[in-house]
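# Coordinates in review
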Amino acid sequence: MGSNDGSKKRQVGRDELDRVVREHHLWLESDHTEGTRASLKRTDLSSADLAGADLSRSDLSGAQLTRANLSGCNLTAANLLRADVSWPIYLPPTSRAPTSPTPTCPMP
């Protein structure tokens, strides 16, 4: 089921996405006392490389994850309400991720 709510998706670049994932990892590891829970709701993550990322308990509601590399990505208890996860990419652990660029645009 896709996200067809017609709302405009927020754009993030690779550096911002890496920062969000690092802060979320710290949040998880510190039992929520440090870092920040990842909130990527209504974000365009099309073709993003999220391989190996721990996004458990993150908010990905309404996110566009079409063709995102989700190999080894932990989405346990993540909020995926209305997220579009059509055509995800899963690669074996020994494979290298494809080098598709992450959309980059200034955040509104």
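To start, this report covers the structure provided alongside it. By convention here, each chain's residues receive numbers from 1 onward along its written sequence. Only residues with pLDDT of at least 70 are given local features in this predicted model, and only at 80 or more are side-chain atom pairs given and counted; all residues enter the totals for whole chains, interfaces and linings. Side-chain numbers come from the whole structure's heavy atoms, not from hydrogens or water.

Buried residues of nine kinds, namely Ala, Val, Leu, Ile, Met, Phe, Trp, Tyr and Cys, make up a nonpolar core once their side-chain atoms join them within 4.5 Å. Working definition: with a 1.4 Å probe on protein chains only, accessible area under 20% of the residue-type maximum means buried, over 50% means exposed, and in between means partly exposed. Among the nonpolar cores identified, the biggest contains 17 residues, and Leu 17, Leu 40, Leu 45, Leu 50, Leu 55, Leu 65 and Cys 73 are the most heavily contacted of them. Two residues qualify as a contact provided that any one of their heavy atoms is within 4.5 Å of a heavy atom in the partner residue. Those residues in contact with Leu 65 that lie beyond four places of it in its chain are Leu 45, Leu 50, Leu 80, Asp 84, Val 85 and Ser 86.

Quick look at a positive patch on the surface now. Patches here: salt-bridge-free residues with over 30% relative accessible area, like charges joined within 9 Å, nonpolar side chains (Val, Leu, Ile, Met, Phe, Trp, Tyr) joined within 5 Å. To be clear on the numbers: accessible area is Shrake-Rupley with a 1.4 Å probe, and residue cover counts the displayed protein chains and nothing else. The term salt bridge refers to a side-chain nitrogen of Lys or Arg lying within 4 Å of a carboxyl oxygen of Asp or Glu. His is not counted here, nor are the chain ends, while Lys and Arg score as positive and Asp and Glu score as negative. One atom stands in for each charge, and that atom is NZ of Lys, CZ of Arg, CG of Asp or CD of Glu. On the surface, Arg 37, Lys 41, Arg 42 and Arg 57 cluster together into a positively charged patch. Each helix is a run of H or I in the DSSP string that is no shorter than four residues. Each strand is a run of E no shorter than two, and both are numbered from the N terminus. Here Lys 41 shows up in the loop between helix 1 (14-29) and strand 2 (43-44).

An expected span of 1.5 Å times one less than the residue number is assigned to each helix. The end-to-end C-alpha distance of helix 1, which contains 16 residues, comes to 22 Å, matching closely the 22 Å that a straight helix rising 1.5 Å per residue would cover. When helix 1 is considered as a whole, its buried residues turn out to be Leu 17, Val 20, Val 21, His 24, Trp 27 and Leu 28. The arc that holds the buried residues of helix 1, viewed along the axis, is 120°, so those residues lie on one side. Facing away from the buried side of helix 1 by more than 90 degrees, the exposed set consists of Asp 15, Arg 22 and Glu 29. Backbone geometry just downstream of helix 1 places Asp 31 in the positive-phi region, at approximately 60°. Starting at the helix axis, one direction is taken to each C-beta atom, and the arc is that of these directions.

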